[in-house]
Amino acid sequence: MQILHSVWHDVILSLSFLASVIGLVLLAKTNQAQVEELEEAELILFRMSFAYWLVYCIACVAQKLILPDWEILALSVKLTAALSYFLTFACIICLPLHRVAVRQVEE
C-alpha cells in the first residue's frame, strides 16, 4: 500500500510540475502593454505561486535522491520544500484577498 501511495504521489508531483512550467510559459506570453496596474499584481502573484510550486516539486524529488549520510543537505532540502509549500499557499490565498481589496477601493 505504501509503494502504491508513493507511485501516485510521484505521478501527481510530475504532472503538477509540468502544469506549473506550462503556467509560467503562458504567463510569460501575456502582453505587458495591455496589463493594467491592478492586473499586474495578480500576474505577479500567479507567477510567484507557480515558481514556488516548481521549487517544491524539485525539492521533493531531491529529497528522494539525497543519500541518508548527508544529513545537513537533507535537512536543508526538507526546509526548502516546507517553505516553498507555505509560500505557494500564501500566494494562492492572497489572490482573492487582493481582488476583494481592489473592489473595496473602487467602491
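Residues numbered from 1 in each chain as written. Predicted model: local features only at pLDDT ≥ 70, side-chain atom pairs only at ≥ 80, totals over all residues. Heavy atoms only, no water.

> Describe the overall build of the chain, listing the residues and the values that go with them.
Helix and strand counts for the chain come out as three helices and zero strands. For 107 residues, the compact-globule estimate of 2.2 N^0.38 gives 13 Å, and the chain exceeds it by more than 25% at 17 Å. Structurally, the chain occupies a C-alpha span of about 55 × 25 × 25 Å along its principal axes. Here the chain, with 107 residues, has 22% of them falling under the buried criterion. If you sum the accessible surface of the chain, you get close to 8,200 Å²; carbon and sulfur atoms cover 71% of it. (Helix = DSSP H or I, 4+ residues; strand = E, 2+ residues; numbered from the N terminus. Rg over C-alpha atoms; globule rule 2.2 N^0.38 Å. Buried < 20%, exposed > 50% of the residue type's maximum accessible area, 1.4 Å probe, protein only. Areas by Shrake-Rupley, 256 points an atom, 1.4 Å probe, with all protein chains shown as cover.)

> So, the environment of I22: which residues are in play, and what are the values?
Along the chain, I22 falls in helix 1 (residues 2-28). I22 sits in the exposed class, given a relative accessible area of 51%. Between the C-alpha atoms of I22 and S49, which are 27 residues apart in sequence, the distance is 13 Å.

> Give me the environment of A101: which residues, what numbers.
Structurally, A101 can be placed in helix 3 (residues 71-106). Put simply, A101 and L43 are 58 residues apart on the chain and 16 Å apart in space, counted from C-alpha to C-alpha.

> So what's going on with the packing of aromatic side chains? Which residues, and what values?
Applying the stated rule across the entire model yields four aromatic pairs. On the basis of an interplanar angle of 50° and a centroid distance of 5.4 Å, the ring pair of Y56 and Y85 is categorised as tilted. Taken together, the positions of Y56 in helix 2 (residues 37-65) and Y85 in helix 3 put the pair 29 residues apart, joining distant regions of the chain. We classify Y85 as partly exposed; its relative accessible area is 41%. Their ring planes at 75° and their centres at 6.0 Å tell us that Y85 and F86 sit as a pair that is edge-to-face. With relative accessibility at 54%, the residue F86 sits in the exposed group. (Phe/Tyr/Trp six-rings, centres within 6.5 Å; stacked < 30°, edge-to-face > 60°.)

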